[in-house]
Amino acid sequence: MKTLIRNGTVVTATDTYRGDVLIEDEKVSMIATSLAMEADRTIDAKGKYVLPGGIDVHTHLDMPFGGSTSADDFASGTIAAAHGGTTAIVDFAIQYKGQTLRQGWEAWMQKAQGKAAIDYGFHLIITDLPEKLEPEMDALVKEGVTSFKLFMAYRGVLMLDDGSIFRALSRTAENGGTICMHAENGDVIDVLVRRALAEGHTAPKYHALTRPPRAEAEATYRALCLAEIAGVPIYIVHLSAAEALEKVTEARDRGLPAYAETCPQYLFLSYANYEEPGFDGAKYVMSPPLREKGNEEKLWRGLAGNDLQAVSTDHCPFCMKEQKELGKNDFSKIPNGAPGIETRMSLLYDGGVRKGRISLNRFVELTSTSPAKIFGLFPRKGTIAPGSDADIVIFDPEKKQTLSAKTLHMKVDYNPYEGREITGAAETVLSRGKVIIDNGKFTGKAGSGQFLKRKPRS
Ligand code: URP
Ligand code: ZN
Ligand code: ZN
């Protein structure tokens with residue numbers, strides 16, 4: 001099967017040029033200024049960008065959390081991702097206390113099997129690490145689960161103590177895995193939450209007021225120190241506060257292999273959203289919380305200057321009805337998380353490239369190439385080159401859309417960006433050579449996504 005994409009502007013992390021792209025079966029086979037040949041299917045990309053498919057390395061599909069389960073499963077979540085121009089995800093499997101690490105991974109493989117419409121890999125959340133389980137980390141790295149998420153918050157649920165964190169970091173120094181860190185000081189936050197509730201403060205905004213930026217900055221600094229002592233790279237997830245970014249910048253300026261991602265919500269929303277009337281602030285209850293205005297400009301600078309290397313979504317949707325509502329009388333019972341898997345590429349293009357904050361090539365790097373490199377998927381994914389998977393987005397830079405839960409495909413009853421008008425959208429999307437979004441319509445198949453066995457750090 002040959003597919004030819006003609007007349008488009010090919011954009012990678014380093015180059016922008018007019019070119020034709022030939023796909024044979026699942027792979028890109030040829031790129032040239034002009035390819036005059038027959039193909040089974042020809043797609044005219046005149047006036048459009050031809051981009052490597054987006055890679056979202058932070059999603060939570062079908063995840064039990066906060067007394068509920070995230071509203072998108074691997075079918076609805078990956079179809080929504082495809083609509084938005086994302087062709088691969090790395091989701092989080094959870095090892096619950098008392099389980100082996102493999103049990104956690106296998107449970108999530110079952111959830112994805114037969115449902116995922118795009119390719120998927122897993123990080124493993126470790127919640128319990130007795131010494132006897134450490135060799136299993138090595139075994140998982142060999143099987144392509146090459147990264148582990150550790151939590152410095154949510155005591156009694158997900159949090160690990162510093163000793164276990166240090167042992168996990170030390171193990172990845174040896175086995176080539178990567179630790180992704182949720183950096184917030186959970187014990188301090190728990191005290192602040194108890195105090196707020198005792199004072200009768202139950203509204204959603206107290207979620208943010210009890211998780212101060214300094215609690216994120218302290219944990220970020222601690223995580224960086226522990227990684228430095230262990231002599232291993234570290235990746236800070238969902239970085240939200242400018243003062244946490246300062247810690248990452250400081251570490252990188254000292255030459256340490258410190259990496260971090262931020263998410264669109266921290267670039268486009270702010271603490272002010274928690275002040276929306278009634279219970280609407282619950283829409284934005286996530287951890288870390290949205291920060292005061294002003295933080296986002298520093299994050300944009302971090303993205304432009306490479307102190308932040310990726311933009312992922314932390315897609316963890318809960319409906320207002322029956323899910324977020326669990327915390328109607330107590331903000332600490334609102335399930336933490338928000339939807340975003342479908343809107344990441346368009347939001348970042350509109351707010352980043354169109355507003356002149358990042359270049360088009362940097363946009364590709366942040367949404368695809370750099371996450372692929374950090375998480376062992378490059379060059380199979382993350383670029384358009386002969387031999388790479390034909391995960392390709394034909395992106396219309398002029399297409400206008402008004403974001404709304406009514407028209408988006410995520411299975412959640414609100415959208416944090418409801419009514420926002422943006423320009424730039426995925427029009428046609430290919431996953432390993434197959435058109436899965438054709439002019440905005442899903443033409444793929446739930447279950448056609450494959451598990452991605454990722455490479456360890458070199
Ligand atoms: O609020 C959030 N971020 N929910 C998902 C779990 C996590 O910490 O990433
Ligand atoms: Zn987290
Ligand atoms: Zn998350």
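Everything here concerns the structure above.
Residues numbered from 1 in each chain as written. Chains lettered and ligands numbered in written order. Predicted model: local features only at pLDDT ≥ 70, side-chain atom pairs only at ≥ 80, totals over all residues. Heavy atoms only, no water.

A.B. asks: Just to check I follow, could you spell out the nonpolar core for this structure?
C.D. replies: Nonpolar side chains in soluble globular proteins tend to be buried together. Counting residues in each nonpolar core, the largest one holds 119 residues, and the members touching the most others are Met-181 and Phe-363. Among the elements that take part in this core, helix H7 (residues 213-230) stands out by supplying 7 residues, more than any other. Once you skip the residues sitting within four places of it in the chain, Phe-363 turns out to touch Leu-51, Met-345, Leu-348, Tyr-349, Val-353 and Ile-358. Listed in part, the 14 residues of the second largest apolar core include Ile-23, Val-50, Ile-384 and Leu-430. (Core = buried A, V, L, I, M, F, W, Y, C linked by side-chain atoms within 4.5 Å. Buried < 20%, exposed > 50% of the residue type's maximum accessible area, 1.4 Å probe, protein only. Helix = DSSP H or I, 4+ residues; strand = E, 2+ residues; numbered from the N terminus. Contact = heavy atoms within 4.5 Å.)

A.B. asks: Would you mind going over the sheet that holds strand S10 (residues 119-126) with me for this structure?
C.D. replies: The parallel open sheet is built from 8 strands, whose spatial order is S6-S9-S10-S11-S12-S13-S14-S15. Either end of the sheet is taken by a strand with one partner, and the two such strands are strand S6 (54-59) and strand S15 (310-311). Both S6 and strand S9 (residues 86-95) contribute to a ladder of 4 bridges, which runs parallel. By the bridge assignment, Asp-56 is partnered in S9 with Ile-89. Sheet strands in contact with helix H11 (residues 344-354) are S6, S9 and S15, and its direction is about 110° off that of S6. (Pairing = 2+ DSSP bridges. Axes fitted to C-alpha atoms, helices over the stretch in contact; angles between N-to-C directions.)

A.B. asks: How do you make sense of the site of ligand 1 when you look at a structure like this?
C.D. replies: Taken together, 13 residues lie near ligand 1, and His-60, Lys-149, His-182, Ser-287 and Asp-314 sit nearest. At a separation of 3.4 Å, an oxygen atom of ligand 1 approaches a polar side-chain atom of His-58. Contact between ligand 1 and His-238: an oxygen atom at 3.5 Å from a side-chain N or O atom of the residue. For ligand 1, the accessible surface in isolation is 260 Å², of which the surrounding protein chains cover 100%. In the shell around ligand 1, the residues fall into 4 nonpolar, 7 polar and 2 charged. (Near = heavy atom within 4 Å. Polar contact = N/O pair within 3.5 Å; in protein donor to acceptor, adjacent residues only side chain to side chain. Areas by Shrake-Rupley, 256 points an atom, 1.4 Å probe, with all protein chains shown as cover. Nonpolar A, V, L, I, M, F, W, Y, C, P; charged D, E, K, R; others polar.)

A.B. asks: Help me understand the packing of aromatic side chains, please; the structure alone is not making it clear to me.
C.D. replies: Two aromatic rings, taken as a pair, are described by how far apart their centres are and by the angle between their planes. Taken as a whole and assessed by the stated rule, the structure comprises 18 aromatic pairs. Ring geometry for Trp-105 and Phe-451: centres 5.7 Å apart, planes at 45°, overall tilted. On the criterion of sequence distance, the pair formed by Trp-105 in helix H2 (residues 101-112) and Phe-451 in the segment after strand S19 (441-442) is long-range, its members being 346 residues apart. Under the relative-accessibility criterion, Phe-451 is labelled partly exposed at 21%. When the centroid spacing of 5.7 Å and the interplanar angle of 70° are considered together, the rings of Tyr-349 and Phe-363 count as edge-to-face. Taken together, the residues span a long stretch of sequence, with Tyr-349 in helix H11 and Phe-363 in helix H12 (residues 360-374) at a distance of 14 residues. Here the aromatic cluster, defined as three or more aromatic residues joined through ring pairs, consists of Phe-74, Trp-105, Tyr-120, Phe-122 and Phe-451. Above the ring of Trp-108, the side-chain terminus of Lys-111 is found at 4.5 Å from the ring centroid. (Phe/Tyr/Trp six-rings, centres within 6.5 Å; stacked < 30°, edge-to-face > 60°. Lys NZ or Arg CZ within 6 Å of the ring centre and 35° of its normal.)

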